[in-house]
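Descriptive analysis of the structure
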Amino acid sequence: MAKSKVFATLLFVLIVVIPSTPSPRSVAGSSRFYFPHFVSADYFQTTFIVSNSGATDAEVVFTAYDDNGDVISGGSNPASVTIFADSQARLNFSDLFHIERQKPVTGWVKAESANLQLSAWMMMSLDSIQGDQLDGLLVSDQTANRMAFSAVFQTADTVTGIGLANPNSQAAHVKASLYSEGGLADMRDFQIPAYGHRAWLLHDLFRSNETVGHVEIDSNVGLVGFQQFSQEHEWSAVPMQLPEETSELVIPLPDLGNLDNHWVGIAVANLGDFDLDLTLTAWGRGLKPLAAPVKRLVKSHAELVSLVSDLFGNLPFADALISVTADLGPARIFGGKPAISGLAVVGRDDLRALASIPIAGVPLPTLHIESSERGFFIIPRYDPAAAISAIEDKQKDKDKEKDKDKEQGKCKDKGKDDTKDKDKCGLSIRVVGNHLVNGSRQIVRLLGVNRSGTQYSCVFGGVFDGPTDTASVRAMSSWNINTVRIPLNEHCWLGINGVDPAVSGENYQNAIVNYVNLLHQYNLYAILELHWNAPGTRLATGPQVMPDLDHSPAFWTSVATKFKNDPAVLLDLYNEPNSISDACWRDGCMTPEGWQAAGMQLLINTIRATGATQPILLSGNRYGNDLSGWLNFKPRDPLESLVASAHTYNFNGCISEACWNSTFRPVAAAVPLVSAEIGEDDCAHGFIDTYMDWLDSVGAGYLGWSWITSSCAVEPALILDYSGTPTNYGIGLRNHLLSLTTQPAITKK
């Protein structure tokens, strides 16, 4: 069958999901998967493969949508399937949905489950033509607004196709730009309806006849998709890549065993506005260089496409990898950052097989290749311990420098163990996948309290509300906490808009630094968050709907610079965004009051520009209680070190387990989740008891509001006095924390 007819008829038959991080980092267990393309017909078979690695059975609901975004009628749609514990199910599309094969149907499928121990793959085959079958395509649960097809070809021997699905309730407005050798060859604007689907051959999407280049995609909502190559009947597909704001990526090379006459090519696209000097280095076992480094200049929006053998000669591929380091050169002084993406393509000289691998940052997968008469495909295997080790190794040199500059994070002798080895008590925390880990590579959940007062006391002549001495910190520590969240006032920190100099500026900053150091001495992490702010010359006497562009970037530049060498601090961008759109939450906007809000993306960029590497917390919209748009509007972080934060009280909107499962749980599967404020206003603890149990079940952290003496009528107060005597509400948090002799085991419901 002619390949042009196959592609035109089937609207592309190779599928893989576009993640918001490169695919090897997004495939640990999840509860939602997007299969962005399927075909059902007499001559075509689409099979979904779902694995359940958990100890309990999983109920998975599959929903099929057509190209126009409508739920496909007829048969059984949605379809529900039970996948037994520690097993794998192979589900043919037509059999799953009971749809007759005589009528061709195309579209995409969503799979959802309450079980977080699932992974999903897809297989597609056409009749019995050799090579017209693709196995082992891993799919993910991520969407992205900006992405790229790192290499595209349209020649007599190779065809490229791209496809997109829109898993959102609003239409996607998409701009696709084709670049070749640094020049804009063509651009196309189009829409994908809500829950709709589109697929094209490259020459159908663009008018240009350029033979080699890359495609950049921008959308107002998160999409999923794939790019696909074909040489005769040998097909391959890879996820669309994200523009990595990073200076280094890694290409893992597959172990091809005894396969002869194979070749490996790489493509690296420069998605930024500055030229890049690339240094490519081939590494073998034990990270030993296999050849001299190779340097290449890649212009803005251009690409490097080459065979590995042309760069390095013949390499032993077992356990080998290629690192790609990007340097902006003089453009660094203009605030530019490298944005690169790429892939590796593996084939044989006889064109009987073709496989593609996305370029990965750490953690790296181990790539295993399987072959048959039909060709071969590559299976990535993932080891969480190895992933953490890879990230730790990457940070080792930076950590050594930090240790030289500052001796923070050592435990103070609490009088219980005079022989304690204090050097083993250093505090540090970072993001690995959807977990936070400490310096010993152990998973950490942030469990603690908010220490209210520093956001308002400075306006009235002080810094703290209540004592902050050793005895008061020891009292907090006695509740078995590991984290204290400290609200800040941007005007007090910056010393502006008429705040008393005695309690603002340097004096305020030093008081916060000293308190953070004291917390560390009791083995406590500190979260610093912007709580009160105001635009212009108006004094910050309360919270706003969003951070303000006038002062909040300056605030975070100063805070991040002050604490960038403290590995036991986390930064919480803004307390409770509200009354704005999710787009404003990420990108900023003009508020209803007429002042410009600073979006989360800008503040992340501001912090990272200081060199600060700590995890950054992003509170959800609608007073922190709505995470429904968090993943779709997730900002980009070059360090991929973002933490989702939810604020949940008994008087919020999302207060049921059903709501938490539908909106919080998917976020917890993708990034670390902490409920940075929990509480109730009825002087009881029934609500937080239920909520803490649920948070335990998904491995999330939580911090009670607040460690302050007050009445239930004013705000949820955890204590009656600063020696730690709990209120009736505080008893619930204290007893729950004291019952956790270790970090609770993560269970999946």
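For the structure itself, consult the block above.
Analysis parameters
Residues numbered from 1 in each chain as written. Predicted model: local features only at pLDDT ≥ 70, side-chain atom pairs only at ≥ 80, totals over all residues. Heavy atoms only, no water. Helix = DSSP H or I, 4+ residues; strand = E, 2+ residues; numbered from the N terminus. Contact = heavy atoms within 4.5 Å. Areas by Shrake-Rupley, 256 points an atom, 1.4 Å probe, with all protein chains shown as cover. Salt bridge = Lys/Arg side-chain N within 4 Å of Asp/Glu carboxyl O. Buried < 20%, exposed > 50% of the residue type's maximum accessible area, 1.4 Å probe, protein only. 1 Å grid on protein atoms, 1.4 Å probe; cavity = no way out; pocket = protein on both sides within 12 Å on 5 of 7 lines; lining within 4 Å. Points joined across faces, edges and corners; volume = space filled by probe spheres on them. Nonpolar A, V, L, I, M, F, W, Y, C, P; charged D, E, K, R; others polar. Disulfide = S-S within 2.5 Å. Axes fitted to C-alpha atoms, helices over the stretch in contact; angles between N-to-C directions. Parallel < 35°, antiparallel > 145°, perpendicular 65-115°, else oblique. Left-handed = near helix turned anticlockwise from the far one by under 90°. Phe/Tyr/Trp six-rings, centres within 6.5 Å; stacked < 30°, edge-to-face > 60°. Right-handed = clockwise from strand over helix to strand, strands pointing away. Arc of directions from axis to C-beta. Pairing = 2+ DSSP bridges.

From N to C terminus, the chain includes 14 helices and 37 strands. At a minimum sequence separation of 6, the contacts of the chain that also span at least 24 residues come to 76%. Carbon and sulfur atoms form 50% of the exposed surface of the chain, whose accessible area is close to 28,300 Å².

As enumerated under the stated definition, the model contains 13 salt bridges in all. Here D186 ties to R207 by a salt bridge, and the two come within 3.1 Å at their closest N and O atoms. You can see D186 sitting in strand 12 (residues 183-192) and its partner R207 sitting in the loop between helix 3 (202-205) and strand 14 (212-231), a full 21 residues away along the chain. By relative accessible area, which is 68% here, R207 ends up exposed. Here D696 makes a salt bridge to R445, at a shortest N to O gap of 3.0 Å. Here R445 lies in the loop between strand 29 (443-444) and strand 30 (447-450) and D696 lies in helix 13 (residues 686-697), a separation of 251 residues in the sequence. On the basis of relative accessibility, which here comes to 10%, the residue D696 falls in the buried class. Residues joined by salt bridges that share partners form a network here, namely R485, E529, D572 and E677.

With the rule as written, the count across this model stands at three cavities of 30 Å³ or more. For the second largest cavity, the calculated volume is near 50 Å³. Lining the second largest cavity, in full, are D582, W585, G620, N621, R622, D626, S628, G629 and W630. Partitioned by chemical class, the residues of the lining of the second largest cavity number two nonpolar, four polar and three charged.

Attention now goes to the state of the cysteines. Under the counting rule described, the total for this entry stands at three disulfides. In this model, C458 is linked to C492 through a disulfide, with the two sulfur atoms separated by 1.9 Å. Here the S-S torsion is close to 85°, and the disulfide linking C458 with C492 is therefore right-handed. Highlighted residues: C458 in the loop between strand 30 and helix 6 (470-477) and C492 in helix 7 (residues 490-494), separated in sequence by 34 residues. Here the two residues C458 and C492 agree in accessibility, since each one is buried.

In this section: the packing of helix 6 against helix 8 (residues 506-521). Contact geometry for helix 6 and helix 8: axes closest at 10 Å, N-to-C directions at 50°. When the interaxial angle is binned, helix 6 and helix 8 end up oblique. Every pair of crossing elements has a handedness; the one defined by helix 6 and helix 8 is right-handed. Residues T470, V473 and M476 of helix 6 form the contact with helix 8, whose own contacting residues are Y515, L518 and L519. Tallied by class, residues from the contact of helix 6 with helix 8 come to five nonpolar, one polar and no charged.

With that out of the way, let us pick up the packing of aromatic side chains. Counted under the stated rule, the structure contains 23 aromatic pairs. Considering the side-chain rings of Y34 and W108, the 6.2 Å spacing of their centres and the 55° angle between planes classify their relative orientation as tilted. Of this pair, Y34 sits in strand 1 (residues 32-40) while W108 sits in strand 6 (residues 105-113), placing them 74 residues apart in sequence. Both residues of the pair, Y34 and W108, belong to the buried class.

Time to look at the pairing of strand 33 (residues 569-572). Because side chains alternate across strand 33, one face comprises the buried residues V569 and L571, and the other comprises L570 and D572, equally buried. The handedness of the strand 32 (residues 525-532) to strand 33 crossover, carried by helix 9 (residues 552-563), is right-handed.

Turning our eyes to something else, we now look at unusual backbone geometry. Residue P78 follows N77 across a cis peptide bond; omega there is 5°. For P78, the position within the fold is in the loop between strand 3 (58-66) and strand 4 (79-83). Here the bond from W705 into S706 is cis, since omega is 0°, no more than 30 degrees from zero. Turning to its location among the elements, S706 is positioned in the loop between strand 37 (701-704) and helix 14 (728-738).

Glancing now at helix 14. Regarding helix 14, the residues found buried are Y729, G730, G732, L733, H736 and L737. One face of helix 14 carries all of its buried residues, which in axial projection span an arc of 150°. Turning to helix 14, the residues buried within the fold contact strand 30, strand 36 (673-679), helix 13 and strand 37.

In a beta sheet, neighbouring strands pair by backbone hydrogen bonds and run either parallel or antiparallel. With antiparallel pairing, the four strands of this open sheet are ordered in space as 1-6-3-4. For this open sheet the edge positions go to strand 1 and strand 4, each flanked by a neighbour on one side alone. Taken over all neighbouring pairs, the strand axes of this sheet differ in orientation by 30° on average, direction set aside. With seven bridges joining them, strand 1 and strand 6 adopt antiparallel strand pairing.

On to the sheet that holds strand 27 (residues 430-432). If you walk across this open sheet you meet the three strands as 27-28-29, and the pairing is antiparallel. Looking at which strands have only one partner, the edges of the open sheet turn out to be strand 27 and strand 29. In this sheet, strand 28 (residues 435-437) lies alongside strand 27 in antiparallel orientation, the contact comprising three bridges. Pairing of R430 across the sheet is with V437, part of strand 28.

Looking now at helix 11 (residues 600-609). Counted residue by residue, helix 11 has seven buried out of ten residues, so it is predominantly covered. Taken together, the buried residues of helix 11 touch helix 9, strand 33, helix 10 (582-587), strand 34 (616-619) and strand 35 (642-649). Just downstream of helix 11, G611 is the residue with a positive phi angle, here 95°.

To continue, consider the environment of Q227. Inspection of the secondary structure puts Q227 in strand 14. Between the C-alpha atoms of Q227 and F149, which are 78 residues apart in sequence, the distance is 6.3 Å.

Shape is all these values report; function is a separate question.
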